[in-house]
Amino acid sequence: MRAKPRAAAMVHREVAVAVTKRVLILLLCLFTASAQAAVLPDERVDVLYHGYDGGGVQVDGPSILVRKNVGPSVSVAANYYVDMVSSASIDVVTQGSKYSEERKEASLSGKYLIDRSTISLGYVGSKENDYDAKTFSFGIDQSFFGDLTTLGLGVSFGDDVVGQNTDPTFSRDLQRRKYSFNASQIVTKNLLASLSFDSVNDQCLDLTEEQTCLNNPYRSVRYMTESGGYSYQAELYPHTRNSDALGIRAIYYLPYRASIRAEARQFSDSWGIDADNFELRYLHPYREQWLFEVKYRIYSQTGADFYADLFPYKDAQNYLARDKELSPFSSNTFGLGVTYKIPAGLIPWFDKSTANFYWDRFDIDYDDFRDLRSPDEYATGDEPLYSLQANVFRIYLSFWY
Amino acid sequence: MILRRLTLLALLFCIAACSPIKPWVKPYERQKIADEIMSFERDPIADSYLHHVYDAREAARGGDGASGGGCGCN
């Protein structure tokens, strides 16, 4: 009677041994594959000015990056970035008044090279008058198979404090976690491919059910009133958000000196939002000095489960949102760019210098977010759907040394 | 769905890892791959700024090969 269990246990043990052996062989294969040493990133300085103008919002400001090697194995980088915001967005026009604010971000990161591995550490801190964020990150990359394959794992920990200008006692703690896996592959002499997977978790800390931290604290939802008009109440979001995103990218070197790059990404989260985007980019050098880029990107997403442009009555459900970024919409982005290589020797101290100008045009069409700027002209719920056009430019100088 | 696809890709990679792989693109054949027009992130701060714009305008995040920081996008 006991023979069968004993036989089954032996089979299980053999299976376990076989699986363990195969896992060990796999690990051995991975970590003994011949490969060449990885390299540190370029030493460079970038000075950028950025601008965004669309939907009544203007954002501009500088960004400066300095990256330097310390010895043969360490690279350090520092970045300072500013957003100067002047906003009369549709939310502000319909629910508040125009405002200006400034957001400053500073980051420090380092890479340490050990044979075929790179270990990365990073810190990003940003501050604005109603939002503070700190993020620490750690990552490790390893190249395999003669540097044909590079695998990377990363994790980042973020702690944010959400405030509100109109209420100095308002303070919400938000914890963010991000886990990343990256793989890049030299497929052929002309083709590079990469895959990125990110799993992100946002968690509000120590809040009551009526409190919320993952939304804009100034934004409201609208609901129908008995008189046929509408009124507003505060948004209320879940206290957690989990999301997964998988992106694949490839660059192909064309038969002449030019490249075409394709990118696709799929996203889904615990709020019911599914999104995907596709991008095609063409890069064409002209003579020795010029590099031209043309880009087209499409993006679409479904809305969050608890999003509505107009709720049927007050407190219609436990979670309420009317953030157009959580609504269903699609967008198209068209971009042009040019890089000019400044002749060597014209700027002393640097091996290579470039001047760059890039412009992107965003066209966003919202499927369930209505334009309330002319409330007297339309019945409640019949207002025209909102659309947004934005111009984004980046002008920057880059120096290698 | 995304996790299932990723698992499938990981399994394919695992299968490939134990075969006797020799680098099929030799170091001296990587001249084109090393060209600046073949870089996924040619200019880091210009790329990260555009990711910041996407993050502010769209609900999707991650999967773009960019490292994250506090967005302050609310």
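Quick caveat: nothing in here was measured; it's all calculated off a predicted structure.

Describing the overall build of chain A
Phase 1 of the analysis: Broken down by element type, chain A carries two helices and 18 strands.
Phase 2 of the analysis: In terms of overall dimensions, chain A has a C-alpha envelope of 90 × 75 × 45 Å along the principal axes.
Phase 3 of the analysis: Looking at chain A as a whole, 31% of its 401 residues qualify as buried.
Phase 4 of the analysis: Residue pairs at least 24 apart in sequence account for 57% of intrachain contacts in chain A once pairs closer than 6 positions are excluded.

Considerations on the confidence of the model for chain B
All names here are of chain B.
Phase 1 of the analysis: Mean pLDDT for chain B: 80, with 73% of residues reaching 70 or above.
Phase 2 of the analysis: This stretch, residues 68–74, has a pLDDT under 50; its non-local contacts, to residues over four places away or in other chains, come to 28 contacts.
Phase 3 of the analysis: Confidence metrics for the complex model read pTM 0.86 and ipTM 0.87.

Notes on the interface of chain A and chain B
Phase 1 of the analysis: Tallying the contact residues gives 75 residues for chain A and 41 residues for chain B.
Phase 2 of the analysis: With eight residues, the top contributor of residues to the side of chain A that touches chain B is strand β12 (residues 240–253) of chain A.
Phase 3 of the analysis: In terms of residue class, the side of chain A that touches chain B is made up of 34 nonpolar, 27 polar and 14 charged.

Quick word on the domain arrangement of chain A
Phase 1 of the analysis: One can read the domain layout of chain A as domain 1 (1–32) and domain 2 (40–400).
Phase 2 of the analysis: When each unit is reduced to the centre of its C-alpha atoms, the spacing between domain 1 of chain A and domain 2 of chain A is 46 Å.

Structural notes on the nonpolar core
Phase 1 of the analysis: If you look at the biggest cluster of nonpolar residues, it comprises 27 residues, and the most contacted ones within it are A:Ile273, A:Ala275, A:Ala304, A:Ala321 and A:Leu326.
Phase 2 of the analysis: Those elements giving two or more residues to this core turn out to be β6 (131–144), β9 (191–205), β10 (220–224) and β12 of chain A.
Phase 3 of the analysis: Counting residues per element, this core draws most heavily on β9(A), at three residues.
Phase 4 of the analysis: Those residues within four positions of A:Ile273 in sequence are excluded, and the remaining contacts are A:Ser268, A:Gln301, A:Thr302, A:Gly303, A:Ala304, A:Leu326 and B:Ala59.
Phase 5 of the analysis: Core analysis: the second largest hydrophobic core is formed by 19 residues, A:Phe362, A:Ile364, A:Phe369 and B:Ala46 among them.

Focus: the pairing of strand β11 (residues 230–234) of chain A
Residue and element names in this part refer to chain A.
Phase 1 of the analysis: Where β10 lies against β11, five bridges are found, and the strand directions are antiparallel. Looking across to β11, one finds that Ser-220 is bridged to Ala-234.
Phase 2 of the analysis: Counting the residues between successive antiparallel strands, the hairpin from β10 to β11 contains five residues, one of them, Gly-228, with a positive phi of roughly 95 degrees.

Things to note about helix α2 (residues 44–57) of chain B
Phase 1 of the analysis: Taking 1.5 Å per residue as the helical rise, α2(B) with its 14 residues ought to reach 20 Å, and the 20 Å between its terminal C-alpha atoms agrees with that figure.
Phase 2 of the analysis: If you check which residues of α2(B) are buried, you get B:Ile45, B:Ala46, B:Tyr49, B:Leu50, B:His52, B:Val53, B:Asp55 and B:Arg57.
Phase 3 of the analysis: Packing partners of the buried residues in α2(B) comprise β1 (44–54), β2 (57–70), β3 (74–87), β17 (352–370) and β18 (385–400) of chain A.

Re unusual backbone geometry
Residue and element names in this part refer to chain A.
Phase 1 of the analysis: A positive phi angle is found at Asp-315, which is not glycine, with a value near 50 degrees.
Phase 2 of the analysis: Its 10 C-beta neighbours within 10 Å are what place Asp-315 among the exposed residues.
Phase 3 of the analysis: A positive phi is found at Trp-349, a non-glycine position, where the angle reads about 75 degrees.
Phase 4 of the analysis: Mapped onto the elements of the fold, Trp-349 is located in the loop between β16 (329–342) and β17.

How each quantity is defined
- Residues numbered from 1 in each chain as written.
- Chains lettered and ligands numbered in written order.
- Predicted model: local features only at pLDDT ≥ 70, side-chain atom pairs only at ≥ 80, totals over all residues.
- Helix = DSSP H or I, 4+ residues; strand = E, 2+ residues; numbered from the N terminus.
- Buried ≥ 20, exposed ≤ 12 C-beta atoms within 10 Å, placed from the backbone.
- Contact = placed C-beta atoms within 7 Å.
- pLDDT = per-residue confidence, 0-100.
- Nonpolar A, V, L, I, M, F, W, Y, C, P; charged D, E, K, R; others polar.
- Domains from an automatic or database assignment.
- Core = buried A, V, L, I, M, F, W, Y, C linked by C-beta atoms within 7 Å.
- Pairing = 2+ DSSP bridges.
- Expected span 1.5 Å × (residues − 1).

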